[in-house]
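Structural features, examined
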Amino acid sequence: MADIVKQILAKPIQLADQVTKAADEATSFKQDCAELKGKAEKLATLLRQAARSSSELYERPTRRIIIDTEQALDRALALVLKCRGNGLVKRVFAIIPTAAVRKMSSQLENSIGDVSWLLRVSTPAE
């Protein structure tokens, strides 16, 4: 069971790291990308903590939460990659609406809350 949970967690951890790296390489919308980077880093920390606690996590809620988290990180990565535009033409066509950044930030915040909840309810109190 622990191996299954670790496999489920591998991709979102990798995605969170990719969001962080892509945000570091942003050439436009740096402040927006920095905000998403901070949330991705927090999420990566929680996901790594979940991987270490994988034997104590309940598989069904873990699977549901991680699928949602993975989708949010996937969309965050696509958004942050638009900030890496090199050249004026690419930058002009990569206009990122503020609403999209706010929505993505909110989705990452929800994922942080979900993974935190999962860790709270799955790991025994010390």
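For the structure itself, look to the data block above.
Since this is a predicted model, take the numbers as computed values, not measurements. (Residues numbered from 1 in each chain as written. Predicted model: local features only at pLDDT ≥ 70, side-chain atom pairs only at ≥ 80, totals over all residues. Heavy atoms only, no water.)

**Brief notes about the overall build of the protein**
Each helix and strand counted, the protein has five helices and zero strands in total. Going residue by residue from the N terminus, the α and β elements of the protein occur as α-α-α-α-α. Expressed as a percentage of the 126 residues in the protein, the buried residues total 40%. For the protein, the exposed surface amounts to about 7,300 Å²; the carbon and sulfur share of it is 53%. (Helix = DSSP H or I, 4+ residues; strand = E, 2+ residues; numbered from the N terminus. Buried < 20%, exposed > 50% of the residue type's maximum accessible area, 1.4 Å probe, protein only. Areas by Shrake-Rupley, 256 points an atom, 1.4 Å probe, with all protein chains shown as cover.)

**Considering helix α1 (residues 2-24)**
Here α1 is 23 residues long and its end C-alpha atoms lie 33 Å apart, about the 33 Å a rise of 1.5 Å per residue gives. Taken as a whole, α1 carries its principal kink of about 25° at Leu9; the proline Pro12 stands between one and four residues after it. Taken as a whole, α1 has its buried residues at Val5, Ile8, Leu9, Pro12, Ile13, Leu15, Ala16, Val19, Thr20, Ala22 and Ala23. Considering only its buried residues, α1 is in contact with α2 (30-52) and α3 (59-81). (Expected span 1.5 Å × (residues − 1). Bend = angle between axes of the 7 residues up to and from the residue. Contact = heavy atoms within 4.5 Å.)

**What to know about the environment of Gln49**
Within the secondary structure, Gln49 sits in helix α2. Taking the C-alpha atoms as reference, Gln49 lies 8.1 Å from Leu119; in sequence the two are 70 residues apart.

**Here we look at the side chain of Thr20**
Relative to the helices and strands, Thr20 is located in helix α1. Owing to a relative accessible area of 14%, Thr20 belongs among the buried residues under this scheme. In this view, Thr20 contacts Lys37, Ala40 and Glu41; residues no more than four positions away in its chain are not counted.

**Details of α2**
With 23 residues, α2 extends 32 Å from end C-alpha to end C-alpha; this agrees with the ideal 33 Å at 1.5 Å per step. Among the residues of α2, those classed as buried are Cys33, Leu36, Lys39, Ala40, Leu43, Ala44, Leu46, Leu47, Ala50 and Ala51. Next to the buried residues of α2 lie α1, α3 and α5 (98-122).

**Let's talk about the packing of α2 against α5**
For the pair α2 and α5, the least separation of the axes is 10 Å and the interaxial angle reads 15°. Taken together, α2 and α5 sit at an angle that is classed as roughly parallel. Relative to α5, the crossing made by α2 is left-handed. Contact residues: α2 offers Asp32, Glu35, Leu36, Lys39, Lys42, Leu43, Leu46, Leu47, Gln49 and Ala50, while α5 offers Val101, Met104, Ser105, Leu108, Glu109, Ser111, Ile112, Val115, Ser116 and Leu119. Its residues assigned to classes, the contact of α2 with α5 comprises 11 nonpolar, four polar and five charged. (Axes fitted to C-alpha atoms, helices over the stretch in contact; angles between N-to-C directions. Parallel < 35°, antiparallel > 145°, perpendicular 65-115°, else oblique. Left-handed = near helix turned anticlockwise from the far one by under 90°. Nonpolar A, V, L, I, M, F, W, Y, C, P; charged D, E, K, R; others polar.)

Nothing here speaks to function; it is all geometry.
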